[in-house]
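A closer look at the structure
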Amino acid sequence: MEQVTVRRRRVFYVPGYDPFPPRRYREFYRKEGAAQAAISGYALQMQAEAPGSKGYVWRVQTVIGGRETEARVQVLVWSDLVQASMRRGILGAYLLMVRTLWIFLSTGAMAAMLRLRPWSILTGAWPVAMLSAQLLLGLLAGVLLWWGAGVLVGGWAGQVLGLGLGAAALTGVLVLFRRLDTRLFAYYLLYDFAQVAAQHGAYAPDLQARLDAFVEEVAAALTEGNDEVLVVGHSSGAALAVSLVAAVERRGLPEGGATLALLTLGQAIPMQAFLPRATRLRADLAQLAASPAVAWVDVTAKGDGVSFWLTDPPAVCGVAGPGAHQPLVFSAAFSQTVSPEKWRAIRRQFFRLHIQYLAAFEHPRDYDYFQITAGPVLLADRYAGRAPSPQVERRVFSPHRGKA
């Protein structure tokens, strides 16, 4: 069949668990888009939309293969909800760690994720290990000061002084590490896992309300003269993107409207979908797996330790029925598609590697984020006939398979 040339596209980007405002996504797109256009030999221009427009939006114009395309890219913002979920003291964070760990262990989700992708679960172990080590270091400092005061001063006075100094040392160590968390990411990752586990996999009421608002925006874009409406879900935002697109499809896709498509990048869907109350998410996965109208492509990379690389989310959750034919799952192969110099620079940079899906590739194959979001080819046409990566995991691992 002849490919449809995309002249107008709406892109809705669903970020992961990120407390920072969306401006940095725009600037990252500007920088990396220009780099990819120079590498691949096409024209790309970008500008922020005029102040006062709804949402956080920028426009992209491309000329690729002689075909002109305009894309309007919008970040679906939930960073305010992320910020609210991170407002806890140190003691509250430790209590949250115990609760979150118990939920993942007692529901069987942790064991299932370990069987599925052990390397990915090391990311989940990081906040537990780091926070435990910080607590032990603080306790050690406190005990040493308590013992030292008892030896030097002696008697009840030494004990009281030692207890005071020990408590101060423990507090000081924990406060110091909390301030260093912009480098250690222990608290950040804890809060990410905790917000998924808080409702045992269900969406919290405030997040569900935000998701309902997103559904209205995406549904409206289908009737605004666009050729394609593309929803991109990255990291923790991949699960939200799945539920968003499924909800839009359930409303009924308008005849003669834009094509609806879904791209998930660096997804960690099993982290939520393996929990017992994730019935809404599992139902949405089952729906999109068999959808004849919505194209779904999932891209991960083995080097990305945050993602569940090369896993078929509906299949590993046990909800892929007989008619399931998607998502198309393949690897971005970071070690082969970025330059050796860049790979050496980013391979141990935890979060920089995780956003490489949104960046330029020096040796791109068939994955180019900027051609997908602003180029002249529909997502379905771009990957028509493309085979999945051979290592895709499709065995059932989830201990919970109920659907809403």
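Above this note sits the structure.
An account of the accompanying structure is given in this report.

The rules behind each value
Throughout, residues of each chain are indexed from 1 in the direction in which the sequence is written. Side-chain atom pairs in this predicted model are given and counted only at pLDDT of 80 or more, local residue features only at pLDDT of at least 70, and totals for whole chains, interfaces and linings cover all residues. The basis for every side-chain value is the complete set of non-hydrogen atoms in the structure, without hydrogens or water. For helices the rule is a DSSP run of H or I covering at least 4 residues; for strands it is a run of E covering at least 2, with both sets numbered from the N terminus onward. One fewer than the residue count of a helix, multiplied by 1.5 Å, yields its expected span. The rule is simple: take the accessible area with a 1.4 Å probe, protein chains only, and divide by the maximum for that residue type; under 20% is buried, over 50% is exposed, in between is partly exposed. It is the directions from the helix axis to the C-beta atoms that the arc portrays. DSSP-based pairing: two strands are paired if at least 2 bridges between them are found. The convention used is that axes are lines fitted to C-alpha atoms, helices contributing only their stretch in contact, and that angles between N-to-C directions extend from 0 to 180 degrees. Here a residue-residue contact requires only that any non-hydrogen atoms of the pair lie within 4.5 Å. Two rings from Phe, Tyr or Trp (for Trp, the six-membered ring) form a pair when their centres sit within 6.5 Å of each other. Planes less than 30 degrees apart are called stacked, planes more than 60 degrees apart edge-to-face, and all others tilted. Either the NZ atom of lysine or the CZ atom of arginine qualifies as a charge over a ring when it sits within 6 Å of the ring centre and within 35 degrees of the ring normal. Put plainly, a pocket is an open set of points on a 1 Å grid over the protein atoms alone with protein on both sides within 12 Å along at least five of seven lines, a cavity is a set where a 1.4 Å probe fits but cannot get out, and a lining residue has an atom within 4 Å of a point. Grid points are joined across faces, edges and corners, and a volume is the space filled by probe spheres set on the points. Asp, Glu, Lys and Arg are counted as charged, while Ala, Val, Leu, Ile, Met, Phe, Trp, Tyr, Cys and Pro are counted as nonpolar; the rest, among them Gly, fall into the polar class. Residues enter patches when they are more than 30% accessible in relative terms and free of salt bridges; like-charged ones are connected within 9 Å and nonpolar ones (Val, Leu, Ile, Met, Phe, Trp, Tyr) within 5 Å. Computed with the Shrake-Rupley method and a 1.4 Å probe, the accessible areas treat only the protein chains shown as cover for residues. Between Lys or Arg on one side and Asp or Glu on the other, a salt bridge is scored when a side-chain nitrogen of the former is within 4 Å of a carboxyl oxygen of the latter. For this analysis, a nonpolar core means a set of buried residues of the types Ala, Val, Leu, Ile, Met, Phe, Trp, Tyr and Cys, connected via side-chain atoms within 4.5 Å. Left-handed describes a crossing whose near helix is turned anticlockwise from the far helix by less than a right angle; the clockwise case is right-handed.

A separate point is helix 1 (residues 23-40). Between the first and last C-alpha of helix 1 there are 26 Å, a value that for 18 residues agrees with the 26 Å anticipated at 1.5 Å per step. Here helix 1 has its buried residues at Tyr25, Arg26, Phe28, Tyr29, Glu32, Gly33, Gln36 and Ala37. Seen along its axis, helix 1 keeps its buried residues to an arc of 155 degrees; they face one direction. In this structure, helix 1 carries Arg23, Lys31 and Ala38 as exposed residues pointing more than 90 degrees from its buried face. Two residues or fewer past helix 1, Gly41 is found with a positive phi of approximately 80 degrees.

What follows concerns the sheet that holds strand 6 (residues 259-265). In any sheet, the strands associate via hydrogen bonds between backbone groups, in a parallel or an antiparallel arrangement. With mixed pairing, eight strands are arranged side by side in an open sheet as 2-3-4-1-5-6-7-8. The two strands at the open ends of the sheet, each matched to only one other strand, are strand 2 (43-48) and strand 8 (328-331). On average, each strand axis in the sheet is tilted by 20 degrees relative to the strand beside it, whichever way the strands run. Relative to strand 3 (residues 56-64), strand 2 runs antiparallel, the two sharing six bridges. The residue of strand 3 that forms the bridge with Gln45 is Gln61. Sheet strands touched by helix 1: strand 1 (8-14), strand 2, strand 3 and strand 4 (67-75). Its angle to strand 2, the strand with the most contacts, is close to 165 degrees.

What follows deals with the pairing of strand 1. With six of seven residues buried, strand 1 is to be regarded as a mostly interior element. Judged from the six bridges that link them, strand 1 and strand 4 form a sheet pairing that is parallel. Residue pairing in the sheet places Tyr13 in a bridge with Val75 of strand 4.

Enumeration according to the criterion identifies 14 aromatic pairs in this entry. Where Phe361 meets Tyr367, the ring centres are 5.8 Å apart and the plane angle is 85 degrees; that geometry is what we call edge-to-face. A relative accessible area of 4% places Tyr367 in the buried class. Ring pairing ties together the aromatic residues Tyr17, Trp78, Phe185, Tyr188 and Phe351, which thus form one cluster. Seen from the ring of Tyr25, Arg24 lies directly overhead, with NZ or CZ sitting 5.8 Å from the centre. Just above the ring of Phe330 sits the side chain of Arg386; from NZ or CZ to the centre is 4.1 Å.

Now for the layout of surface pockets. Taken as a whole, the largest pocket spans an internal volume of roughly 640 Å³. Taken together, 28 residues form the lining of the largest pocket, with Asp18, Phe20, Arg24, Tyr188 and Phe351 sitting closest to its centre. The set of elements that each furnish at least two residues to the lining of the largest pocket consists of helix 1, helix 6 (155-179), helix 7 (181-184), helix 8 (186-197) and helix 16 (350-354). Looking at the lining of the largest pocket element by element, the count peaks at five residues for helix 8.

If a probe the size of a water molecule is rolled over the atoms, the empty space left behind becomes visible. In the structure shown here, the tally under the stated rule is three cavities of 30 Å³ or more. Taken as a whole, the largest cavity holds about 90 Å³ of empty space. Considering the residues around the largest cavity, the lining is formed by Tyr13, Tyr25, Phe28, Tyr29, Trp58, Val73, Leu358 and Tyr369. Here the lining of the largest cavity takes three residues from helix 1, the largest share from any one element. Tallied by class, residues from the lining of the largest cavity come to eight nonpolar, no polar and no charged. Estimates place the volume of the second largest cavity at around 60 Å³. Ranked by residues supplied to the lining of the second largest cavity, first place goes to helix 11 (residues 269-273) with three residues.

This part covers a nonpolar patch on the surface. Among the surface-exposed residues, Val143, Leu145, Trp146, Trp147, Val151, Leu152, Val153, Leu161, Leu163 and Leu165 lie close enough to one another that they form a single nonpolar patch of about 1000 Å² accessible area. Of all elements in the fold, only helix 5 (118-152) and helix 6 reach the threshold of two or more residues within the nonpolar patch. Take Leu165: it is sitting in helix 6.

Before going further, it helps to spend a moment on the nonpolar core. Phe104, Val231, Leu244, Phe274, Leu281 and Leu285 are the most contacted members of the largest nonpolar core, which has 75 residues in total. Discounting chain neighbours no more than four positions away, the residues touching Leu285 are Val242, Ile269, Ala273, Trp296, Pro313, Pro314, Cys317 and Val319. In terms of nonpolar packing, the next biggest core, distinct from the first, is built from 42 residues, Trp58, Ala71, Val73 and Ala332 among them.

Let us now look at the pattern of salt bridges. A complete count under the given rule lists 16 salt bridges for this structure. One salt bridge connects Asp18 with Arg24, and the closest N-O pair in it is separated by 2.7 Å. You can call Arg24 partly exposed: its relative accessible area is 44%. Salt-bridge contacts for Arg280 lead to Asp284; the nearest nitrogen and oxygen are separated by 2.9 Å. Residue Arg280 and its partner Asp284 are both found in helix 12 (residues 279-289); the two are separated by four residues, about one turn of the helix. Where salt bridges share partners, they join Glu49, Arg59, Glu70 and Arg72 into one cluster.

Bringing the packing of helix 10 (residues 237-251) against helix 12 into the picture now. It is at 9 Å that the axes of helix 10 and helix 12 come closest, and there the two elements cross at 65 degrees. For the pair helix 10 and helix 12, the crossing hand works out as left-handed. For the pair formed by helix 10 and helix 12, the contact residues are Ala239, Val242, Ser243, Val245, Ala246, Ala247, Glu249 and Arg250 on the first element and Arg280, Leu281, Asp284, Leu285, Gln287 and Leu288 on the second.

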